[in-house]
Amino acid sequence: MVATVTPQQWQAVRAALTEQTERFADLLVVSRPETRCTADWSVVDTLAHVVSLAWLYACLVDPERPPLPVAGLDSQLPEVTVDTVADVNDVVLRQFTERDPAVLLARLRADVGQLLSWCADRSPDDTVPWLGAARVPLAGLCAHLVNELLIHGHDIARASGRRWRLPGREAAMFLELFLAGVVRHGYGRLLDGGGPPSDRPIVVEFRSAFAAPLRLVLHRGVISFAEPGARPDVRIHHDPGTFNLMMFGRISRARALLTGGIRISGRRPWLLPTFLRTFRTPS
C-alpha cells in the first residue's frame, strides 16, 4: 500500500487545476470553434465535453448543485467501463447542447471554482463515487480534470496549429494521484473486460522525474499495490506527458518508445502487454 496523499501534493494538484483551467481557456479564445479536433468532435464539442466533466465533478462534491441535463446519467455511470466511456460521452454531448464558447467557458470556470472551493477544507483522501462504481479521492478527481484539460488542450492546439505543452509535474498527477487513488480506494468494474486473468503475478514499476516510483501488480485479473519487497518484472521510465498521450491513444506505443519518452526495462518486459490489457484507459 502506497502512502496517502501529502499536504504538498494536495496543494499542488489544486494549484495545477486552477492554472491549467486558465491556460485551457486562453487556448480556446484563440481557436476557431468549428475546427475539427477529431473525426467526431470540433473544438467547441471538445470544450463542451470538458465542461460536462467539470459540471459533473462539481455535482459529485455538492449534490445540491443542479445536475447535467442528461436523462438517466446517474443510473448509467456505475455501469461504465473504460471500454464504454466513449458511448457515455456521446450520450452526454447529444443531450448537453450548449455550444456557445463564451457560455461554456464561463460554466467551466464556475464549476472548477465550485470544486476547488468545496475541496478547500476537505481531506485529499475523502472519496466520491465515480464511473464504474469506482471510488475516487478528491485529489484524484482534481488530477483527472487536470489531465482532461491537458489532453484535450493538446487536441485543440494540434488542430489549430498551435503549441501546447504537457508539463511533467502536472501530467504526472494522473498516474500519481488519480490512477493510484482508484487502485487504493477501489476501481469497481471500471477495468472489467481486460483479458483473461493469469495466475502468474506481473509486477510493473513506473518511474519518472516528477513523482515517487509506483509499483503495481496484476494477479488473477486484479490490479493492486505490490508488496514492498516485490521484484519488478517490468520497469517503465517515462516522461509523464508522453505516457498520458500514449495511454489515451494520441500517440502510438512505437512513437513513445522511439522518441525516448517511454523506456522499458526489467527481467520480463514481454509481460507488459498482458498488464496493459487490464491497466488501461479510454483511447
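Further up the page is the structure itself.
Reference entry: report on the structure contained in this document. (Residues numbered from 1 in each chain as written. Predicted model: local features only at pLDDT ≥ 70, side-chain atom pairs only at ≥ 80, totals over all residues. Heavy atoms only, no water.)

### Remarks on the pattern of salt bridges
Now for step 1: Summed over the entire model, instances satisfying the criterion amount to 17 salt bridges.
Now for step 2: Across the salt bridge formed by R250 and D155, the nearest N and O atoms sit 2.6 Å from each other. Here the residue R250 occupies a position in the loop between α8 (240–247) and α9 (253–258), and D155 occupies one in helix α6 (residues 138–160), the gap between them amounting to 95 residues.
Now for step 3: Exposure remark for R250: the relative accessible area of 22% places this residue in the partly exposed category.
Now for step 4: We note a salt bridge from E205 to R207, for which the minimum N-O separation is 2.8 Å.
Now for step 5: Taking relative accessible area as the criterion, E205 reaches 2% and is therefore assigned buried.
Now for step 6: A residue is classified by how much of its surface remains accessible, and R207, at 35% relative accessible area, is partly exposed.
Now for step 7: Three or more residues are tied together by salt bridges with common partners; here these are R200, D233, R267 and R268. (Salt bridge = Lys/Arg side-chain N within 4 Å of Asp/Glu carboxyl O. Helix = DSSP H or I, 4+ residues; strand = E, 2+ residues; numbered from the N terminus. Buried < 20%, exposed > 50% of the residue type's maximum accessible area, 1.4 Å probe, protein only.)

### So, the pairing of strand β4 (residues 211–219)
Now for step 1: Two strands pair when backbone bridges link them, and strand β3 (residues 202–208) and β4 are joined in this way by six bridges, in the antiparallel orientation. Across the sheet, residue E205 finds its bridge partner in β4, namely R215.
Now for step 2: Linking β3 back to β4 in an antiparallel pair, the connection comprises two residues.
Now for step 3: Pairing between β4 and strand β5 (residues 222–225): four bridges, direction antiparallel. Paired with H219 across the strands is V222, a residue of β5.
Now for step 4: Here β4 hands over to β5 after two residues, with R220 in that stretch at a positive phi of 55 degrees. (Pairing = 2+ DSSP bridges.)

### Some words on the environment of R267
Now for step 1: Of note, R267 is situated in the loop between β7 (262–265) and α10 (272–278).
Now for step 2: Overall, R267 belongs to the partly exposed group, its relative accessible area being 34%.
Now for step 3: C-alpha of R267 to C-alpha of L257: the two residues are ten residues apart in sequence and 18 Å apart in space.
Now for step 4: Residues within four places of R267 in sequence aside, it is in contact with R231, P232 and D233.
Now for step 5: At 3.2 Å, the side chain of R267 forms a polar contact with the backbone oxygen of P232. (Contact = heavy atoms within 4.5 Å. Polar contact = N/O pair within 3.5 Å; in protein donor to acceptor, adjacent residues only side chain to side chain.)

### Side note on the side chain of D62
Now for step 1: The topology assignment puts D62 in the loop between α2 (43–61) and α3 (73–76).
Now for step 2: Buried charge without a partner: D62 forms no salt bridge, and the closest opposite charge is R65, 5.1 Å away.
Now for step 3: At 3.0 Å, the side chain of D62 forms a polar contact with the side chain of Q114.
Now for step 4: Residues in contact with D62, not counting those within four places in the same chain, are Q114 and W118. (Lys, Arg positive; Asp, Glu negative; His and termini not counted.)

### Looking at the state of the cysteines
Now for step 1: Inspection of every chain in the model, using the stated rule, returns zero disulfides.
Now for step 2: Between C119, a free cysteine, and C142, which holds the nearest cysteine sulfur, the sulfur-to-sulfur gap is 4.2 Å. (Disulfide = S-S within 2.5 Å.)

### Digging into the packing of helix α5 (residues 101–119) against α6
Now for step 1: As a packed pair, α5 and α6 sit with axes 11 Å apart at the nearest point and diverge in direction by 160 degrees. In terms of axis orientation, α5 runs roughly antiparallel to α6. In the crossing of α5 with α6, the sense of the turn from one axis to the other is left-handed. Along its contact with α5, which presents V112, L115, W118 and C119, the element α6 presents L138, L141, C142 and L145.
Now for step 2: Here the contact of α5 with α6 is composed, by residue class, of eight nonpolar, no polar and no charged. (Axes fitted to C-alpha atoms, helices over the stretch in contact; angles between N-to-C directions. Parallel < 35°, antiparallel > 145°, perpendicular 65-115°, else oblique. Left-handed = near helix turned anticlockwise from the far one by under 90°. Nonpolar A, V, L, I, M, F, W, Y, C, P; charged D, E, K, R; others polar.)

### Let's talk about the sheet that holds β5
Adjacent strands of a sheet pair through backbone hydrogen bonds, lying either parallel or antiparallel.
Now for step 1: The sheet built from five strands is open, its strands ordered β5-β4-β3-β6-β7 with mixed pairing. Bordering the open sheet on either side are β5 and β7, each of which pairs with just one other strand. For this sheet, the mean angle separating the axes of adjacent strands, direction not counted, is 25 degrees.
Now for step 2: Here four bridges tie strand β6 (residues 234–238) to β7, and the two strands are oriented antiparallel to one another. Opposite I236, over in β7, you have I264 as the bridge partner.
Now for step 3: Contacts between α8 and the sheet are confined to β3, β6 and β7, with β7 contributing the most and set at about 85 degrees to the helix.

### Quick notes on the nonpolar core
Now for step 1: Among the nonpolar cores identified, the biggest contains 98 residues, and F206, F275 and F279 are the most heavily contacted of them.
Now for step 2: Of all the elements, α2 adds the most residues to this core, at 13 residues. (Core = buried A, V, L, I, M, F, W, Y, C linked by side-chain atoms within 4.5 Å.)

### Here we look at the packing of aromatic side chains
Now for step 1: In total, this model carries eight aromatic pairs according to the counting rule given.
Now for step 2: Between F275 and F279 the ring centres are 5.3 Å apart and the planes differ by 40 degrees, which places this aromatic pair in the tilted class.
Now for step 3: With relative accessibility at 0%, the residue F275 sits in the buried group.
Now for step 4: What links up through ring pairs into an aromatic cluster is the set W130, F174, F178 and F248.
Now for step 5: The ring of W10 carries R14 above its face, with NZ or CZ at 4.5 Å from the centroid.
Now for step 6: R107 extends its terminal NZ or CZ atom over the ring of W55, reaching a point 3.6 Å from the ring centre. (Phe/Tyr/Trp six-rings, centres within 6.5 Å; stacked < 30°, edge-to-face > 60°. Lys NZ or Arg CZ within 6 Å of the ring centre and 35° of its normal.)

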